[in-house]
Structure formats: structure tokens, C-alpha cells
Amino acid sequence: RMEEAVRDARIIMVVLPSQVVRETIRKLRELPPASIIVIASKGIENETLMTMSEVIFDVLGEKQSVVISGPSHAEEVCRHIPTTIVSSSSNERKREEVQQLLMTETLRVYTNPDVRGVELGGALKNIIAIAAGISDGLGFGDNTKAALLTRGLAEITRLGVAGGAHPRTFAGLSGMGDLITTCISRYSRNRNLGEAIGKGKALEEALPAIGMVVEGVPTTKSAHDLAKKFKVEMPITEEIYQVLFEGKDPCRAVTDLMLREAKPEA
């Protein structure tokens, strides 16, 4: 039983797909008072538009969680390839405790109090990674990938700031750092899904071939709704939403992005 497994645990790691975090955490209502929940899940709940720390607070009330995020594909971490991540919580003592717990000679951990920014950066970059994969599948080059990362980070930052995050967070490990890794890595499920779509596969055909959860798909729905809620312009996210859920042709999506009204960069 799950309750028995965590009965004496000081640290509980949550590494679940984002859309099942709530139903799983409901089974952990009787946690030891000193326990810390460390959230490695990256996503936004579709129904409530809550981040994972908000979901856990919604279920457990006063329980304090710590979010870890950053460019950290497990395939490289387990091989002890030098990696850096962020430990984020509004509770300084707990984010520093997790920092010290996880630090090794090949895993460097920074702290950041901006939980909202860290979580949104880690979730929203998966959408841009799908776009980067579509670009690869269509045979585009480095110019296109650079444009997607740069303009993708701009719209991630716009939404994050509208949701109460600090803009500087998105220039850090959980923003730009995670975005770069997820958009270029051969390990990235989101990029791999996008590449399959760019080569002509429909979402329903491409997803089973990945064989694992692709967080960018449900996150695209949540980001689409959050953009409407906060009245934030997110053109790349909007085009990915239409490609994934409305059957829009990826080439048409690229053309529509390129032919948008001319405007200043900032």
C-alpha cells in the first residue's frame, strides 16, 4: 500500500504524468508532518489549469512542496553526465534542504523562490519542443529552430508574467535551459512526436509510436486556455493547438506564423 511505503519518508518524489497527479496524491492525505514532497512532474492540469504544486496544495492543504526542474534528461543523469537543475519553493529552508540532498559532483542544484515561473517554464517548453520537432520533420534548418526557441521563449515569458511569475526566471535553467534541451535532444519525447507529425503522421498515429507520456500534448490544451484567460498572445502555441487538435496542416501553420502582421520584436 502507498500509505505504508511513505509512512516514515522524509522526502517523497512525485514523478507522475501531470494529469494523474491529483488522483494519486489523494491517497497520501496522512503524510508524516515533517515530510517534503518533491515535484519532478512537469505539466498543467487540464480541468483546473493548476500547476503541479497548486494541485498538491489543493489536495493536501498546508503541506509544503518543492519543485525541481531544468534541463535534465534522465538518460544522461543516470550516466552521471554533468547536469544543473533548480530547486524551487516559497519555503527557503525546504528548497535549500532539497538542494543539499540532491547535489553531487555531477548534479548541481540552484535555488529559486519563483515557483510559478519554474513550473510554467518546465511545462510550456514542451509545446515549443513539439514545434521544433515539426520543423525537423518538415526538413527545415537551424534558422527555423533558433526562431522557434527565441520566439517560443518570448511567449512563454508573456504568459508566465501574466500569471504572476518573475520574467528573469525564464532566462534561467527552468526556462531557457530546459527549452534548449527539450527542443534539440534525441531523448525528447515532445520533439520526437513533433518530428513524426512533421513527416505526415496524425497525432493519434504518432503518440502510440512514442510509447511514453508526451506531456506537451495535454499542456498545449492548458496553455491554449490560459492564454485566453489572461488575454496573452501565444502564436506558436495556438498553431500547435490547431495542428494537434484541429487537424491543421503543419505547413499551413508555418505559413500563417510567417505571414502574421509585422511588428517590433520587443
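Below or above, wherever it landed, is the structure these notes cover. (Residues numbered from 1 in each chain as written. Predicted model: local features only at pLDDT ≥ 70, side-chain atom pairs only at ≥ 80, totals over all residues. Heavy atoms only, no water.)

### A look at the nonpolar core
It is characteristic of soluble globular proteins that their nonpolar side chains tend to be buried jointly. Convention followed: Put simply, buried Ala, Val, Leu, Ile, Met, Phe, Trp, Tyr and Cys residues joined by side-chain atoms within 4.5 Å make one nonpolar core. Throughout, exposure labels follow a simple rule: accessible area from a 1.4 Å probe, protein chains only, divided by the maximum for the residue type, with under 20% read as buried, over 50% as exposed, and the rest as partly exposed. Every helix listed is a DSSP run of H or I at least four residues long, and every strand listed is a run of E at least two residues long, numbered separately from the N terminus.
Core analysis: the largest hydrophobic core is formed by 38 residues, its most contacted members being L124, I130, L179, C183, L193, I197 and I240. At ten residues, helix α6 (residues 115-137) tops the list of elements feeding residues into this core. Counting 19 residues, the second-largest nonpolar core is a separate cluster that includes I25, L31, I37 and V55.

### Observations regarding the environment of D256
For clarity, the cut-off: We call two residues contacting when some pair of their heavy atoms lies within 4.5 Å. N or O atoms closer than or at 3.5 Å make up a polar contact, with two conditions inside protein: a donor-capable atom paired with an acceptor-capable one, and, for residues adjacent in sequence, both atoms drawn from side chains.
By the element assignment, D256 lies in helix α13 (residues 250-258). Of the residues examined, D256 reaches a relative accessible area of 24% and is grouped as partly exposed. In this structure, the C-alpha to C-alpha distance between D256 and T220, residues 36 residues apart in sequence, is 18 Å. Discounting residues that sit within four places of it in the chain, D256 has contacts with E239 and K248. Reaching out from D256, the side chain makes a polar contact with the side chain of K248 at a distance of 2.6 Å.

### Quick word on the pairing of strand β3 (residues 65-69)
Defined as follows: Pairing between strands requires that DSSP locate at least two bridges from one strand to the other.
Judged by how many residues are buried, β3 sits mostly within the fold: five of five residues are covered. Of the two faces of β3, the one lined by S65, V67 and S69 and the one lined by V66 and I68 are each fully buried. Alignment of strand β2 (residues 36-39) against β3, held across three bridges, turns out to be parallel. Its bridge partner being in β3, V38 is matched across the sheet by V66. For β3 and strand β4 (residues 83-88), the ladder comprises three bridges, and the chain directions are antiparallel.

### Regarding the pairing of strand β5 (residues 107-112)
As a reminder of what qualifies: Seen with its strands pointing away from the viewer, a crossover is right-handed if its path from the first strand over the helix to the second goes clockwise.
The pairing of β4 with β5 spans six bridges and is classified as parallel. From the neighbouring strand, V86 faces β5, where its bridge partner is Y110. Following the backbone out of β4, through helix α5 (residues 92-102) and into the adjacent parallel β5, one traces a crossover that is right-handed.

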